[in-house]
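These are the residues of each chain, in order.
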Amino acid sequence: MNESTLAEAIQKPEIHRRLLGKYRGAYALGVTSAPDDEGAALLLRIEGAVPKEIPKQIAVDGEQVPVKVVGGFKAPKTL
Amino acid sequence: MDVISKPQKPKATSKDQLAEAIGHVQDAAGQLFEQDARVHAVGVGIATDGTPVYRAVRNKKKIVAQSATLTLKAANAIVKAPFPIVFVDAQNDAAPLYRMPFSGAAALGASAQPEQQLKRPLRCGLQIQNFDDDSRQRVFASGHIIVGSIGCFVQKDGQGPFILSNNHVVAGENRGKANDRILQSGNISFDTTQFVAKLGQFVKIKFSPTDASVADGTVVFNDVDAGIARVAAGIDSKNAYLSGRTGVKPPTKLGVAKHDDAVSKVGRTTGLTRGTVTSIATIVGPVTYDKKPAWFRNSIEIEGVSGTSFSDHGDSGSAIVNSNGELVALLYAGNGTQTYACPIDAVIVALGITI
């Protein structure tokens, strides 16, 4: 899946609902390169440990997109 | 404040101990930030017996999952640091703007970064202050001023030059008034020799309710944190860095950031730093502003190379340039590990400017 399609998809609340489930906290969700360097993937950073409920891939427009989930995120502040 | 001393007595001299503590502070901070979501600052302090300690400042009122907190005992057991950890309790997160003492060891010009000094002609990366906003906010009473960085110089409607930086730098998070005076490098009393620009225009930051969520559709997104200030008559400026900043191309043309790009910035606090774009089109929040949260979309996420910090408080407004010298984004926030910047094409459109 190309980057622009993914960038558009992550603006939709539905993607956030499916990815985050019951998680409530600061996070960052962006588009990055896929681990196998084939196409684009999602990068999700969340606070604390990564709950097992968060999926490692998600269907976008019928295509499975890898999700790299990283814990230990801190809410950013203006600098 | 609680202190637990580690059993072994350090053998090195105090000077060596301090050097060792400073050498490991980044590792300790990284582990503390990861293990306790309430920690927002880690530094080296000195205990009453003269030995170094790691001072971890945490917001005790911050509500986080129990799994994202540490007891002091656990902190000292888990975090591999050569000296004890001390928790310092705060009632809030760190100040959203860079509020710094005007005199003393931590004052203006005490750092080695040349961008903090008064410099003419104006250059990218120099320290600036909205003097009138600081005055209205009465920050001088506590001996502080609020500063940020010049991103670059732009034109608007064929006029200019204008300083491009963040709203929260030149316009005090929507508080700015037309023609507010901008000083370089900054002062606690108005100094005509430091007056360089007047506030022109800024894009208002839209804040979201504290319980807003993207999933619920209740977040109000921002695309940029940006503002411009018209350079005063008789003040020279140039889209270039100070002469000592070699190995980085000045922001004279525009580009688009891609993930894995190598990027650089020059700011008043950390000077010249290098990083990698780790994600694009990023939705991030809540970003802590002055007591209010804000959410951003289409941001660019950057991490410093080899675990270094790409930015710190006071670097807001810095221009992010890629290895071709293309200006790709404007730095506005960070958390010590990740830095967030708004894409320059959105800034250009929002302010109606050209470079």
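One can find the structure itself at the top, above this paragraph.
What counts as what
Residues numbered from 1 in each chain as written. Chains lettered and ligands numbered in written order. Predicted model: local features only at pLDDT ≥ 70, side-chain atom pairs only at ≥ 80, totals over all residues. Heavy atoms only, no water. Contact = heavy atoms within 4.5 Å. Buried area = accessible area lost by both parts, 1.4 Å probe. Salt bridge = Lys/Arg side-chain N within 4 Å of Asp/Glu carboxyl O. Polar contact = N/O pair within 3.5 Å; in protein donor to acceptor, adjacent residues only side chain to side chain. Helix = DSSP H or I, 4+ residues; strand = E, 2+ residues; numbered from the N terminus. Buried < 20%, exposed > 50% of the residue type's maximum accessible area, 1.4 Å probe, protein only. Arc of directions from axis to C-beta. Core = buried A, V, L, I, M, F, W, Y, C linked by side-chain atoms within 4.5 Å.

1. Some details on the interface of chain B and chain A
At step 1: With 49 residues of chain B at the contact, the number on the chain A side is 28 residues.
At step 2: It is Ala 215, His 259 and Ile 283 of chain B that lose the most area in chain B upon contact with chain A, and together they represent 18% of the buried surface on that side.
At step 3: At the boundary of chain B with chain A, the tally comes to two salt bridges.
At step 4: Two residues, Arg 45 of chain A and Glu 301 of chain B, come together in a salt bridge whose shortest N-O distance is 2.7 Å.
At step 5: Applying the counting criterion to the chain B and chain A interface returns 17 residue pairs in polar contact (both at pLDDT 80 or more).
At step 6: Contributions of two or more residues to the side of chain B that touches chain A are made by α1 (14-35), β2 (39-46), β16 (271-288), β17 (293-304), β19 (326-334) and β20 (338-343) of chain B.

2. A short note on the side chain of Ser 299 of chain B
At step 1: Considering the arrangement of structural elements, one finds Ser 299 of chain B in strand β17.
At step 2: Setting aside residues up to four positions removed in sequence, Ser 299 of chain B forms contacts with Ser 279, Ile 280, Ala 281, Thr 282, Val 284, Tyr 332, Tyr 340, Ala 341 and Pro 343 of chain B.

3. Digging into unusual backbone geometry
Note: most residues except glycine have negative phi, and most peptide bonds are trans.
Residues and elements named next belong to chain B.
At step 1: Along the chain, Arg 120 connects to Pro 121 via a cis peptide bond; the corresponding omega equals -5°.
At step 2: Within the fold, Pro 121 resides in the loop between β5 (98-101) and β6 (127-130).
At step 3: Omega for the bond connecting Gly 285 with Pro 286 falls within 30 degrees of zero, at -5°, which places this linkage in the cis form.
At step 4: With respect to the secondary-structure elements, Pro 286 resides in strand β16.

4. Structural notes on helix α5 (residues 344-351) of chain B
Spacing of three or four residues puts side chains on the same side of an α-helix, whose turn is 3.6 residues.
All names here are of chain B.
At step 1: Within α5 the residues assigned to the buried category are Ile 344, Val 347, Ile 348 and Leu 351. Angularly, the buried residues of α5 cover 100° about the axis, an arc narrow enough to put them on a single face.
At step 2: At the exit of α5 stands Gly 352, carrying a positive phi of roughly 65°.

5. Describing the pattern of salt bridges
Residue and element names in this part refer to chain B.
At step 1: Within the structure shown, the criterion is met by ten salt bridges over all chains.
At step 2: Two residues, Arg 245 and Glu 115, come together in a salt bridge whose shortest N-O distance is 2.8 Å. Here Arg 245 is found in the loop between β13 (227-231) and β14 (253-254), whereas its partner Glu 115 is found in the loop between β5 and β6, with 130 residues between them in sequence. The exposure classification of Arg 245 matches that of Glu 115, with both residues buried.
At step 3: In this structure, Asp 180 and Arg 136 form a salt bridge, with 2.8 Å as the shortest nitrogen-oxygen distance. Here the residue Asp 180 occupies a position in the loop between α4 (167-170) and β10 (181-183), and Arg 136 occupies one in helix α3 (residues 131-137), the gap between them amounting to 44 residues.
At step 4: Judged by relative accessible area, Asp 180 falls into the buried class, the value being 3%.
At step 5: We classify Arg 136 as partly exposed; its relative accessible area is 33%.
At step 6: Salt bridges here are not isolated pairs; linked through shared partners, they connect Asp 133, Arg 136, Arg 175, Asp 180 and Asp 290.

6. Looking at the nonpolar core
At step 1: Counting 52 residues, the largest nonpolar core has Leu 122, Ile 163, Leu 164, Phe 296, Tyr 332, Val 347 and Ile 353 of chain B as the members making the most contacts within it.
At step 2: Counting residues in hydrophobic clusters, the runner-up holds 41 residues, among them Leu 29 and Val 65 of chain A together with Phe 310 and Ala 329 of chain B.

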